[in-house]
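# Report on the structure
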Amino acid sequence: MIDLELIRKNGELVKERLQLRKEEYTKLIDIILELDTKRRNILKELESLRAQRNTLSKEVGRLRAQGQSAEELEEKVRNLKNRIEDLEEELLVVERELREKMLVVPNLPDESVPFGKDEQENVEVRRWGALREFDFEPKAHYEIGEALGILDFERGATLSGSRFTVMWGWGAKLERALINFMLDFHTSRGYKEVWVPHLVKPEILQGTGQLPKFEEDLYLCERDNLYLIPTAEVPLTNLFRESILDEKDLPIYLTAYTPCYRREAGAYGKDIRGIIRQHQFDKVELVKVVHPESSNEELEKLTADAEEVLKLLGLPYRVVLLCTGDLGFSSAKTYDIEVWFPSQNKYREISSCSNCTDFQARRANMRFKDSLGRKRFVHTLNGSGLAVGRTLASILENYQQRDGSVVVPEVLRDYMKVDVIKPDGA
């Protein structure tokens, strides 16, 4: 949630920044300003009426103490009471509508974010790793996985439908090895590992920005009114909702492995085959809660931490800075890390690292007390460190051999207890 005071004082500036995004928000900002004016007028009238009621009530008490009639004044007090109650009800309606409108306004793009209409105008920042030259036609990860007997899409569909996969033997072990490797690496870099619930209340998703705008992409357990998490960012960030932290406790670095659940409502026809886009997938998440003055620097560090995982795995990748038209709802600035897929001859997203500034903190009321005793909103950051299934898919493609086997990256061999995954399985 952006600062209402900022909209109130610099409405045109807010409109200008939001116009850089893909959607149109000018009319919405105008509605918010109208509601805010209406709210303040109601509050002003309420303050005046309450003062009048208090004055008249005192006068009624004085007259009664003197044995005099106060009927006329009592009637005025009753009328004031009725009017106050009507205004209080109206205020609740206006405040609820104002909050609903505020909740669908995205974060303002940082000034360093390039203007662009869509992902085609994202800006490449850097690349790492030499692309392997194959002496045979590289296969897609799903072909490799099926031939090795480690990826089973047919049984996944039998159990749950499309975009679900069963992993057997070395596939399951490789998934688990990647999770443990990523967690071990990030905890060695100062992140605190956390185990979190996979079902959360609606207000938790509202805090990080998935609700109300992206409800169609979420799985809802209606009986209990709980949602399956689309990412560990949701519970990790909300660990500090409705809290006032001490400045000395910042920064806070957190990491967690969770399955993630997404309906992929807008992904019809995309990545039908393989494990690139699944309804259920594993991810190791990174979250930072930091001082406002350091969040830009912390974004660079978080991105570097996610990159280092790919370097250690020996997977070529590139980093792109998202343009304003491709920026996520809660983010002020995002770097996407894209890993190389030889079969597609292209880089595919494997991590998004975002600085959400105080946007999520305002929605979840996450503050800290600074050295002057002021209560200020923290800044929150998040990023994948990494998406496990996509990492596994990239390993299968980049480490595949002519005979159908897959070499295990060196850093995973202590976890896997094997150097090569062979077609004849374990």
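No experiment lies behind these values; they were computed from the predicted model shown.

Before going further, it helps to examine the overall build of the protein. In terms of helices and strands, the protein carries 13 helices and 18 strands. Principal axes of the C-alpha set define a box for the protein whose edges measure 105 × 45 × 40 Å. Partitioning the contacts of the protein with sequence separation of at least 6, the portion at a separation of at least 24 is 73%. Computed over 64 positive and 74 negative side-chain charges, the inter-centroid distance for the protein is 2 Å.

Our focus in this paragraph is the sheet that holds strand E6 (residues 220-221). Strand order in the open sheet formed by three strands is E5-E7-E6, with antiparallel pairing between adjacent strands. The sheet terminates laterally at strand E5 (199-200) and E6, the two strands that pair on one side only. When E6 meets strand E7 (residues 226-228), the two strands line up antiparallel, connected through two bridges. In the sheet register, Leu-220 faces E7, and the bridge partner there is Tyr-227.

Inspection of the secondary structure puts Tyr-317 in strand E11 (residues 317-321). Measuring from C-alpha to C-alpha, the distance between Tyr-317 and Asn-296 comes to 22 Å, with 21 residues separating the pair along the chain. Contact partners of Tyr-317, with chain neighbours within four places excluded, come to Arg-127, Trp-128, Glu-307, Leu-310, Lys-311, Ile-337, Glu-338, Val-339 and Tyr-347. One polar contact links Tyr-317 to Glu-307, side chain to side chain, over a distance of 2.6 Å.

This part is about the packing of helix H5 (residues 141-148) against helix H12 (residues 388-398). Orientation of H5 relative to H12, taken along the N-to-C sense of each, is 85 degrees, at an axis distance of 8 Å. As judged from the angle between their axes, H5 and H12 are roughly perpendicular. Residues His-141, Ile-144 and Gly-145 of H5 pack against Ala-393, Leu-396 and Glu-397 of H12. Taken together, the residues of the contact of H5 with H12 break down into three nonpolar, two polar and one charged.

Across the nine residues that make up strand E12 (residues 333-341), a large majority, nine, are buried. With five bridges connecting them, E11 and E12 associate as antiparallel partners. Across the sheet, Arg-318 pairs through a bridge with Glu-338, a residue of E12. Inspection of the sheet shows E12 paired to strand E13 (residues 346-355) by nine bridges, in the antiparallel sense. Looking at the pairing, Phe-341 lines up with Lys-346 of E13. Between E12 and E13, which pair antiparallel in sequence order, lie four residues; one of them, Asn-345, sits at a positive phi of approximately 55 degrees.

Pairing is mixed in the open sheet, where three strands are placed in the order E8-E14-E15. Every interior strand has two partners, whereas the edge strands, strand E8 (243-246) and strand E15 (375-377), have only one. With direction set aside, neighbouring strand axes in the sheet form an average angle of 40 degrees. The pairing of strand E14 (residues 366-369) with E15 spans three bridges and is classified as antiparallel. What sits directly across from Arg-367, in E15, is Phe-377.

Rules used in this analysis
- Residues numbered from 1 in each chain as written.
- Predicted model: local features only at pLDDT ≥ 70, side-chain atom pairs only at ≥ 80, totals over all residues.
- Heavy atoms only, no water.
- Helix = DSSP H or I, 4+ residues; strand = E, 2+ residues; numbered from the N terminus.
- Contact = heavy atoms within 4.5 Å.
- Lys, Arg positive; Asp, Glu negative; His and termini not counted.
- Charge placed at Lys NZ, Arg CZ, Asp CG, Glu CD.
- Pairing = 2+ DSSP bridges.
- Polar contact = N/O pair within 3.5 Å; in protein donor to acceptor, adjacent residues only side chain to side chain.
- Axes fitted to C-alpha atoms, helices over the stretch in contact; angles between N-to-C directions.
- Parallel < 35°, antiparallel > 145°, perpendicular 65-115°, else oblique.
- Nonpolar A, V, L, I, M, F, W, Y, C, P; charged D, E, K, R; others polar.
- Buried < 20%, exposed > 50% of the residue type's maximum accessible area, 1.4 Å probe, protein only.

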